[in-house]
Amino acid sequence: MRLKDLTKHEGSVEIQCHNIPDADTIASAFAVYKYLKNSNHDTRIIYSGEQKITKPNLRLMIDRLSIPIEYVEDMPNIDTLLLVDCQYGGTNVKRFSADNIYVIDHHIESRQPVLPNIISLINNQLGSCSTIIWNMLNEEQFNFAAHPDVSTALYYGLFTDTSSLTEVSHPLDRDMLDDLNLKSDKFIINELKHNNVTPSEMKIIGAAISTYLHNPDTRYTILRADECDPTILAIIGDMAMQMQDSGVCIVYNSSTSGLRVSVRSSLRDVNAGEFAEFIANGGGHVQKAGGFISADTVLESGLSASEYLEKRIQEYFDAYDVIDAKKYNLDLLQNKYKKKENTSWLYAVN
């Protein structure tokens, strides 16, 4: 898949961000938008979902870089749809029908049934979707020096998705940083860094941190927050992970529609993406993930929100045993003739 493939379609290309957009999805969409506009192709940036963009840093990003992103509820008759930083059919993106569907993402590939007309480029080894877009733009000889707005957006996309660049490890992420370091507007970047939380959100963070449930045996911590932007849940989770013996952190808030969940993990045997999928039909990366649990699911369980989460978390830990390869002595002769069972799996974590 290449970006120039999008230009072969005659109609407009609708570039869709995931619901409740973050900086990475906005940056990725904006960069593709500029490329298509430079190619004289009709395009626009859209998003949908439960709420419009309210985060101060994102509103500032949109304003400073003049990003034409639009909130939509219905999109009939789409010719070509490109999803960035999300996947078609995912729980974090509204599903629109389209004749041609493209996906560019850096999360673990969804287990949703793949439609025959979807063309995708997914690399979950990278720190951001912005990195994939930067690499694709280089393939098309895009002039980043002439577009400091695109350079700034992509730089900030990686910055936010890698915890202020502390989690950058892939060589391609580093290559993008080296390339855009002098091409992006550092004054705008610095301004965006210091506009992440509103005064009311600071109170939500403080209240959530002050009350928590911790299980020392399995090393998980649960925190409840008042209704807020999902990025605030992530901030709370990152802070709670600093607590001693907190290997897995689950932060949630509830609304009439259900529970929004953010997951953090530092344990070798707990993949945050798989954990989020198990407890909240979600997904993500090895250390960071998120998901959503419908209100009906919690109601049918007959439990409170916290009780339901505790139950699902315990079921997750009870579903497997951890075997330390350095200490476990496997008797190969004894197990030589054992019948293979389809329900048994062995995972090796380094």
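Since we're looking at a predicted model, the values are computed, not measured. (Residues numbered from 1 in each chain as written. Predicted model: local features only at pLDDT ≥ 70, side-chain atom pairs only at ≥ 80, totals over all residues. Heavy atoms only, no water.)

Undergrad: Quick one: what's the story with the packing of aromatic side chains, residue by residue and with numbers?
TA: Within this structure, the stated rule accounts for nine aromatic pairs. Here Tyr220 and Phe317 contribute two aromatic rings whose centre-to-centre distance is 6.3 Å and whose plane-to-plane angle is 15°, an arrangement assigned as stacked. Here Tyr220, found in strand E8 (residues 220-224), pairs with Phe317, found in helix H11 (residues 305-318); they are 97 residues apart in sequence, far enough to count as distant. Residue Phe317 is classed as buried on the basis of its relative accessible area of 11%. Above the face of the Tyr155 ring, Lys186 is positioned so that its terminal group lies 4.7 Å from the ring centre. (Phe/Tyr/Trp six-rings, centres within 6.5 Å; stacked < 30°, edge-to-face > 60°. Helix = DSSP H or I, 4+ residues; strand = E, 2+ residues; numbered from the N terminus. Buried < 20%, exposed > 50% of the residue type's maximum accessible area, 1.4 Å probe, protein only. Lys NZ or Arg CZ within 6 Å of the ring centre and 35° of its normal.)

Undergrad: Quick one: what's the story with helix H5 (residues 171-180), residue by residue and with numbers?
TA: If you check which residues of H5 are buried, you get Asp173, Met176, Leu177 and Leu180. Projected onto a plane normal to the axis of H5, the buried residues spread over an arc of 100° and lie on a single side. In H5, the exposed positions that point more than 90 degrees away from the buried face belong to Pro171 and Asp178. Summarising the contacts, the buried residues of H5 are in contact with helix H3 (129-139), helix H4 (148-161) and helix H6 (186-193). (Arc of directions from axis to C-beta. Contact = heavy atoms within 4.5 Å.)

Undergrad: Lay out the pattern of salt bridges with the relevant residues and their values.
TA: What the rule picks out here adds up to 14 salt bridges. Glu140 is paired through a salt bridge with Arg2; the nearest N and O atoms lie 3.1 Å apart. One end of the pair, Glu140, is in the loop between H3 and H4; the other, Arg2, is in the segment before strand E1 (13-16), with 138 residues separating them in the sequence. You can call Arg2 partly exposed: its relative accessible area is 29%. Here Asp63 makes a salt bridge to Arg64, at a shortest N to O gap of 2.9 Å. Residue classification places Arg64 among the partly exposed residues on the basis of a relative accessible area of 37%. Here the salt bridges share partners, and the residues they tie into one network are Glu14, Arg44 and Glu70. (Salt bridge = Lys/Arg side-chain N within 4 Å of Asp/Glu carboxyl O.)

Undergrad: Residue-level account of the side chain of Lys34, with values.
TA: The topology assignment puts Lys34 in helix H1 (residues 23-38). Among the polar contacts listed, one links the side chain of Lys34 to the side chain of Asp149, at a separation of 3.1 Å. In this view, Lys34 contacts His147, Asp149 and Val150; residues no more than four positions away in its chain are not counted. (Polar contact = N/O pair within 3.5 Å; in protein donor to acceptor, adjacent residues only side chain to side chain.)

Undergrad: Explain the nonpolar core to me, and be specific about the residues and the numbers.
TA: Among the nonpolar cores identified, the biggest contains 52 residues, and Ile15, Met61, Ile67, Ile69, Leu82, Leu137 and Leu154 are the most heavily contacted of them. The dominant element in this core, judged by the number of residues it contributes, is H1, at 10 residues. Counting residues in each nonpolar core, the second largest holds 23 residues, with Val248, Tyr252, Ala272 and Phe275 among its members. (Core = buried A, V, L, I, M, F, W, Y, C linked by side-chain atoms within 4.5 Å.)

Undergrad: Before we move on, could you go through the sheet that holds strand E4 (residues 78-84) and cite the residues and values that matter?
TA: Strand order in the open sheet formed by six strands is E3-E2-E1-E4-E5-E6, with parallel pairing between adjacent strands. Looking at the sheet topology across the chains shown, the edges are occupied by strand E3 (69-71) and strand E6 (118-122). In this sheet, neighbouring strand axes are inclined to one another by 25° on average, regardless of whether the strands run parallel or antiparallel. Pairing between E1 and strand E2 (residues 43-47): four bridges, direction parallel. (Pairing = 2+ DSSP bridges. Axes fitted to C-alpha atoms, helices over the stretch in contact; angles between N-to-C directions.)

Undergrad: How would you summarise the pairing of E8 if you had to cite specific residues and measurements?
TA: Counting buried residues along E8, four of its five residues qualify, which places the element largely inside the surrounding structure. As consecutive antiparallel partners, strand E7 (residues 212-215) and E8 are separated by four residues, and within that stretch Arg219 has a phi angle of approximately 65°, a positive value. By the bridge criterion, five bridges tie E8 to strand E9 (residues 248-254) in an arrangement that is parallel. If you follow Leu223 over to E9, its bridge partner there is Val251. Each parallel crossover has a hand, and for E8 linked through helix H8 (residues 230-240) to E9 it is right-handed. (Right-handed = clockwise from strand over helix to strand, strands pointing away.)

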